[in-house]
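Fold and contact review
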Amino acid sequence: MPARWGQVRIKFKDRLYIVAGAKDGANSPPENPDAYPQWTTVNDVWSTDNPEDPTSWKKHETPRWRRRMWPGLVVHGDLLYLTGGWDNFNAVNLNDTWRSPDGGNWERVTVTESYPARHAPTLFSFEGRILMVCGNTNVSPSVQNDVWQLCPA
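Report on the accompanying structure.

Between two aromatic rings, the relevant description is the distance of the centres plus the angle of the planes. Across all of its chains, the model carries seven aromatic pairs by this definition. Aromatic side chains W5 and W39 sit 4.3 Å apart centroid to centroid with 75 degrees between the ring planes, which places their arrangement in the edge-to-face category. Of this pair, W5 sits in the segment before β1 (8-12) while W39 sits in strand β3 (residues 39-48), and the two are 34 residues apart along the sequence. Given the relative accessible area of 25%, W5 is considered partly exposed. By relative accessible area, which is 17% here, W39 ends up buried.

Before going further, it helps to examine the sheet that holds strand β4 (residues 58-59). The four strands are arranged β1-β2-β3-β4 in an open sheet whose pairing can be described as antiparallel. The two strands at the open ends of the sheet, each matched to only one other strand, are β1 and β4. The pairing of β1 with strand β2 (residues 15-24) spans five bridges and is classified as antiparallel. Of the residues in β2, the one forming a bridge with F12 is R15.

We now examine the pairing of strand β5 (residues 72-76). A large share of β5 lies buried, amounting to four of its five residues. Of the strand pairs in this sheet, β5 and strand β6 (residues 79-83) are connected by five bridges, and their pairing is antiparallel. Bridge assignment links L73 to a residue of β6, and that residue is L82. Hairpin connection between β5 and β6: a loop of two residues separates the two successive antiparallel strands, and G77 in this loop has a positive phi of roughly 65 degrees.

For Q144, the position within the fold is in the loop between β12 (129-133) and β13 (147-150). Ignoring any residue separated from it by four or fewer positions in sequence, one finds Q144 in contact with R118, C134, G135, T137 and V139.

What follows covers unusual backbone geometry. Omega for the peptide link from S28 to P29 comes to 0 degrees, which places this bond in the cis form. Here the phi dihedral of W70 falls at roughly 60 degrees; this positive angle occurs in a residue that is not glycine. If you trace the backbone, W70 turns up in the loop between β4 and β5. When its relative accessible area of 23% is taken as the criterion, W70 is described as partly exposed. One non-glycine residue with positive phi stands out, namely E127, at about 50 degrees. As for its placement among the helices and strands, E127 is situated in the loop between β11 (122-126) and β12.

Analysis parameters
Residues numbered from 1 in each chain as written. Predicted model: local features only at pLDDT ≥ 70, side-chain atom pairs only at ≥ 80, totals over all residues. Heavy atoms only, no water. Phe/Tyr/Trp six-rings, centres within 6.5 Å; stacked < 30°, edge-to-face > 60°. Helix = DSSP H or I, 4+ residues; strand = E, 2+ residues; numbered from the N terminus. Buried < 20%, exposed > 50% of the residue type's maximum accessible area, 1.4 Å probe, protein only. Pairing = 2+ DSSP bridges. Contact = heavy atoms within 4.5 Å.

Note that every value here comes from positions in space, so none of it alone points to a role or purpose.
Structure (structure tokens):
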């Protein structure tokens, strides 16, 4: 698995998943000069059942969601949910939500209440709901102090 940062990590179905993020080095062509042109964001998913063995990492099929760093990720029920993040190529925060039963097959989800686009949200699965707390919207004040309930339709 390539080195990266700005990714999210989670244990799901006895596997460790690493999702999205960025790697050092400019993309070709470089990503948005108004953002972080020295980094390349990714939209890949890797998992392993033995994180101590570097040869055990499996790359899943490339998801249809836009590449991003600093997204939110949570296990809710028997699914992975990914939301938000920073699209470095277009220099915008995201507010889309996706779910997967296996880390390889992703489906876009419509949520009942749209939240302001952001990166670095914290997600919780709580009493049958997905709660999104805080995050950075890049709008003053950029670090939010809010809670949103994401109810997949």
